[in-house]
Structure formats: C-alpha cells, structure tokens
Amino acid sequence: MKERRWVPEGPLDVGLALAPHKRGGGDPTWRQSGDGAVWRTSRTPDGPGTLRVSVEAGVVHGQAWGPGAEWVLESLPGLLGAFDDISGFIVKHDVLADVVRKNPGLRIGRTGLVMEALVPAVLEQKVVGREAWRAWRWLLTRYGEPAPGPAPEGMRVVPEAGVWRQIPSWHWHRAGAEAVRARTIANAAWHAAKLEAAATTEELDRLLRALPGIGVWTSAEVRQRAFGDPDAVSVGDFHLAKLVGYALTGEKTDDHGMLRLLEPYRGHRHRASVLVWLTGLRPPARGPRMPARDYRSF
C-alpha cells in the first residue's frame, strides 16, 4: 500500500468531485464504504490501481494499491479539482448563486484517462441510465480485473483497450448493448493510444468526433471527466436542455435555447450545467418515464 496526504486550497467537497465518475448504484469501479471513504479503480498507464479517498479535518487521505498505485496518488489532487480554474466565472442568475453559496466546495476534477470515461459514455448514448449501467456492470464483471488491494467485494478494474476490441458480439448482446454501440467502443479501442495521448481538450474533441458513432454529446461527456473541461456542455442530452430552461426561465427549452441561456457562461458552460442539476429544480412530469429496454430478449 502507498499513501498520500493532501491539503486542498479552499473548500472542497470530495463527494461532488468524485460523483461524475460513478455509473449507477452498482458500478464495479466505485464504492462508498460505511465510514464515508470512497473507493475507485482505474486502468492507469502503469497498470490497474485501487484508490481509497477519505477526508479528516480538512486533510485528504489517499491510499492506493496495485501497479498503478503511485500514478493514482500523484493524480489525486487533479481528480479532486485542484487544477479547476474558476477565474472568469461570474454567476448571472440568482438561482445559481444560491447553489454556489450552498456548495462552495464544488470542483470539476480530471482523471486523465480517456477510455475509462469513453466506454460508459458510449453505453449511455440514447438510452436510459439504468440500461447503460446494467451493461457496464455486466461487461466489467465479465471482462474487468479484480481490484488490487483490500477493495470492497466485487470491485473491478476497467479492461485494457485490447480486451474491448475482442469482446464477441454475443457478449455485447448478453450485456444489453446493441451492435451500434458495441462497434463504436471496439473501434475507439483501436485508437486508444492516440486518444489517451491527446494533450488538450480541443485535440481530444477533434480526435473523438472523427470516430464513427461519437458526436458532440459523447465527446463532451468524456472531456468533462478525463480533462475536467468546465465548458464541455452536453448538447444532445435527453434531460439537460429542459432542466436548464426550467431552472433559469421557468420554461423548458431545446438545445438551441439551452446554448443561448448558457452563452453568458462561455468558458464555464458545463460548470453552469452542474449548478443547474444541483438546484434540484425539475419541470413537471407530463408522461411516463422512458422504460429501460433489454436487448438480451430481442
């Protein structure tokens, strides 16, 4: 086991910083133990690593196991938002100002790991979360490595890019992911080295959107997590435009309307979107929820 202690500058909400990397309640790469500590696994450039993060008296305590232990501990401040630059962010709506006051420790962190964010983002394309998370759990249980160290039972490490390329069609089907999403992930895995080597969020956006099956929404979801991009707004999200419109104007809107409303926050449009989620404001439901489909029965 390796350890690191880190004292952040200013308030920090570790839970909010790590929450975007959790993919549903049964995510095999993410656990929160009874003592409040968060456990994460990652496929680092040095190999698999397990990270345990806890906070005591304002000090972040990181413990790590596996070949990637040093890498995850070195990356810990960035994961928790140490490099999140909020300069130039000016709140222009009272409802968001209230959220900022209540959440002074909100930071957008970065993992530096593209495939870790890309695979679940593709699985979430045009489906409800429960459907995507079910596929994510099945694939990691079948193809992920056991987490190094004394991790909670059932935790797994994201497979190497070569494994994603070799998953047979019938196992994608068993997971509940149809052929389009399966091909998108397998194709991206062939370009994993280039994607992981991207130096900037702009370069990563260009590389991602050059791949079949990856558009604006998927690129934004990946760059938010891998690069901590505060401006990577998820255009095309099923819910986001409605929520932004309702929170800021009292009326639902579409993607074009959302972008107009977020324009004053350019450079921080994703940050503003996160604040909208945290308001808890939701438009009234006027129909049944979209059901989770099960491709395994097709």
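What you see is a predicted model; the values in this text were computed from it and never measured.

Criteria and cut-off values
- The numbering scheme is per chain: residues are counted from 1 as the chain's sequence reads.
- In keeping with the model being predicted, local features are shown solely for residues with a pLDDT of at least 70 and side-chain atom pairs are shown and tallied solely at 80 or more, while totals for entire chains, interfaces and linings include all residues.
- Water and hydrogen atoms were dropped before computing side-chain values, which therefore reflect all heavy atoms in the structure.
- Only DSSP runs of H or I reaching four residues or more are called helices, and only runs of E reaching two or more are called strands; each is numbered from the N terminus.
- For a compact globule the rule gives 2.2 Å times the number of residues to the power 0.38, and the radius of gyration it is set against comes from C-alpha atoms.
- Only protein chains enter the accessibility calculation, which uses a 1.4 Å probe. A residue is then buried if its area is under 20% of the maximum for its type, exposed if over 50%, and partly exposed in between.
- Any two residues having at least one pair of non-hydrogen atoms within 4.5 Å are treated as being in contact.
- Here, Shrake-Rupley sampling with a 1.4 Å probe gives the accessible areas, and only protein chains in the shown set may cover a residue.
- Only strands that DSSP links by at least two bridges are regarded as paired with each other.
- Under this scheme, a helix contributes an axis fitted over its contacting stretch, all axes are lines through C-alpha atoms, and angles between N-to-C directions fall in the 0 to 180 degree range.
- When charges are counted, neither His nor the chain ends are considered; positive counts come from Lys and Arg and negative counts from Asp and Glu.
- Every case where a carboxyl oxygen of Asp or Glu lies within 4 Å of a side-chain nitrogen of Lys or Arg is listed as a salt bridge.
- N or O atoms closer than or at 3.5 Å make up a polar contact, with two conditions inside protein: a donor-capable atom paired with an acceptor-capable one, and, for residues adjacent in sequence, both atoms drawn from side chains.
- Roughly parallel covers angles under 35 degrees, roughly antiparallel covers those over 145, roughly perpendicular covers 65 to 115, and oblique covers all other angles.
- Three classes are used, and their members are as follows: Ala, Val, Leu, Ile, Met, Phe, Trp, Tyr, Cys and Pro are nonpolar, Asp, Glu, Lys and Arg are charged, and the others, Gly among them, are polar.
- Two aromatic rings, drawn from Phe, Tyr or Trp (for Trp, its six-membered ring), form a pair once their centres lie within 6.5 Å of each other, and the interplanar angle then sorts them: stacked below 30 degrees, edge-to-face above 60, tilted otherwise.
- Whether a charge sits over a ring depends on NZ of Lys or CZ of Arg being within 6 Å of the ring centre and within 35 degrees of the ring normal.
- Multiplying 1.5 Å by the helix residue count minus one yields the expected span of that helix.

Q: Would you explain the overall build of the protein in this entry?
A: Within the protein, the regular secondary structure consists of 15 helices and seven strands. Relative to its length of 298 residues, the protein is compact, with a C-alpha radius of gyration of 19 Å against a globular reference of 19 Å. Oriented by its inertia axes, the alpha-carbon framework of the protein measures out at about 50 × 45 × 35 Å. Relative to its full complement of 298 residues, the protein shows a buried share of 52%. For the protein, contacts bridging at least 24 residues in sequence account for 66% of all contacts bridging at least 6. Approximately 14300 Å² of the protein is accessible, and the part contributed by carbon and sulfur atoms is 53%.

Q: Please clarify how the sheet that holds strand E5 (residues 59-65) should be interpreted in this entry.
A: Each strand in a sheet pairs with its neighbour through backbone hydrogen bonds, running either in the same direction (parallel) or in the opposite one (antiparallel). Pairing is antiparallel in the open sheet, where five strands are placed in the order E1-E5-E4-E3-E2. Each end of this open sheet is capped by a strand with a single partner; those strands are strand E1 (2-6) and strand E2 (30-32). Between one strand axis and the next, the sheet turns by 20° as a mean value, whatever way the strands run. Bridge count between E1 and E5: five bridges; the pairing is antiparallel. Directly across from Glu-3, in E5, lies its bridge partner Gln-63.

Q: What's the story with the side chain of Arg-107 in this structure? I'm lost.
A: As for its placement among the helices and strands, Arg-107 is situated in the loop between helix H4 (94-102) and helix H5 (114-123). Of the side chains with opposite charge, Asp-84 lies nearest to the buried Arg-107, which makes no salt bridge, at 5.1 Å. Within polar-contact distance, the side chain of Arg-107 engages the backbone oxygen of Pro-104 at 3.3 Å. Contact partners of Arg-107, with chain neighbours within four places excluded, come to Pro-11, Leu-12, Ala-17, Leu-80, Gly-81 and Asp-84.

Q: Explain the packing of H5 against helix H6 (residues 129-143) to me, please; I cannot follow it from the model alone.
A: When two helices pack together, their arrangement is captured by the angle between the axes and the distance separating the axes. Where H5 contacts H6, the two axes come as close as 8 Å, and the packing angle between them is 135°. Judged on the interaxial angle alone, H6 and H5 are oblique. Contacts between H5 and H6 involve Glu-116, Val-119, Pro-120 and Leu-123 on the former and, on the latter, Ala-132, Ala-135, Trp-136 and Leu-139. Residues belonging to the contact of H5 with H6 are distributed by class as follows: seven nonpolar, no polar and one charged.

Q: Which parts of the structure should I look at to understand the packing of aromatic side chains?
A: The relative placement of two aromatic rings is captured by the distance of their centres and the angle of their planes. For the coordinates displayed, the defined rule picks out three aromatic pairs. Ring centres 5.4 Å apart and planes at 15° place the aromatic pair Trp-39 and Trp-65 in the stacked group. Of this pair, Trp-39 sits in strand E3 (residues 38-44) while Trp-65 sits in strand E5, and the two are 26 residues apart along the sequence. Judged by relative accessible area, which is 13%, Trp-65 ranks as buried. Ring geometry for Trp-164 versus Trp-172: centroids 6.2 Å apart, planes at 25°, classification stacked. It is Arg-142 that lies over the ring of Tyr-143; its NZ or CZ is 4.9 Å from the centre.

Q: It is not clear to me how the pattern of salt bridges should be interpreted in this structure. Could you clarify?
A: Close approach of charged atoms allows side chains with opposite charge to pair. All chains considered together, the criterion is met by 17 salt bridges. A salt bridge links Lys-2 to Glu-70, with the nearest nitrogen and oxygen atoms 3.5 Å apart. Placement of Lys-2 in strand E1 and of Glu-70 in helix H2 (residues 69-74) is noted, with a sequence separation of 68 residues between them. Residue class for Lys-2 comes out partly exposed when judged on its relative accessible area of 38%.

Q: I keep staring at H6 and nothing clicks. Help me out?
A: Helix length check: H6, at 15 residues, gives a terminal C-alpha distance of 21 Å against a target of 21 Å (1.5 Å per residue), a fit within 8%. Restricting attention to buried positions, one finds in H6 the residues Glu-131, Ala-132, Arg-134, Ala-135, Trp-136, Trp-138, Leu-139, Leu-140 and Tyr-143. Next to the buried residues of H6 lie H5, strand E6 (145-146), strand E7 (156-157), helix H7 (161-166), helix H8 (169-175) and helix H9 (179-190).

Q: Can you help me understand unusual backbone geometry in this one?
A: Among all residues except glycine, the phi angle is most often negative; among peptide bonds, the trans geometry is most common. Positioned with a positive phi, Ala-57 is a non-glycine residue whose angle comes to about 55°. Structurally, Ala-57 can be placed in the loop between strand E4 (47-56) and E5. One non-glycine residue, Lys-126, lies in the positive phi region at around 55°. Mapped onto the elements of the fold, Lys-126 is located in the loop between H5 and H6.

Q: What exactly am I supposed to notice about the environment of Asp-35 here?
A: Inspection of the secondary structure assignment puts Asp-35 in the loop between E2 and E3. Along the backbone, Asp-35 and Ser-54 are 19 residues apart, and their C-alpha atoms lie at a distance of 8.7 Å. In terms of polar contacts, Asp-35 uses its side chain to reach the backbone amide nitrogen of Ala-37, at 3.0 Å. Among the polar contacts made by the side chain of Asp-35, one reaches the side chain of Arg-52 at a distance of 2.6 Å.

Q: Just checking my understanding: could you explain H9 for this structure?
A: For an α-helix the count is 3.6 residues per turn, leaving residues at separations of three or four pointing the same way. Relative to the 16 Å expected for 12 residues at 1.5 Å per residue, H9 spans 17 Å between its end C-alpha atoms, a close match to the ideal helical length. Tucked into the core, H9 has its buried residues touching H5, H6, H7, H8 and helix H10 (192-196).

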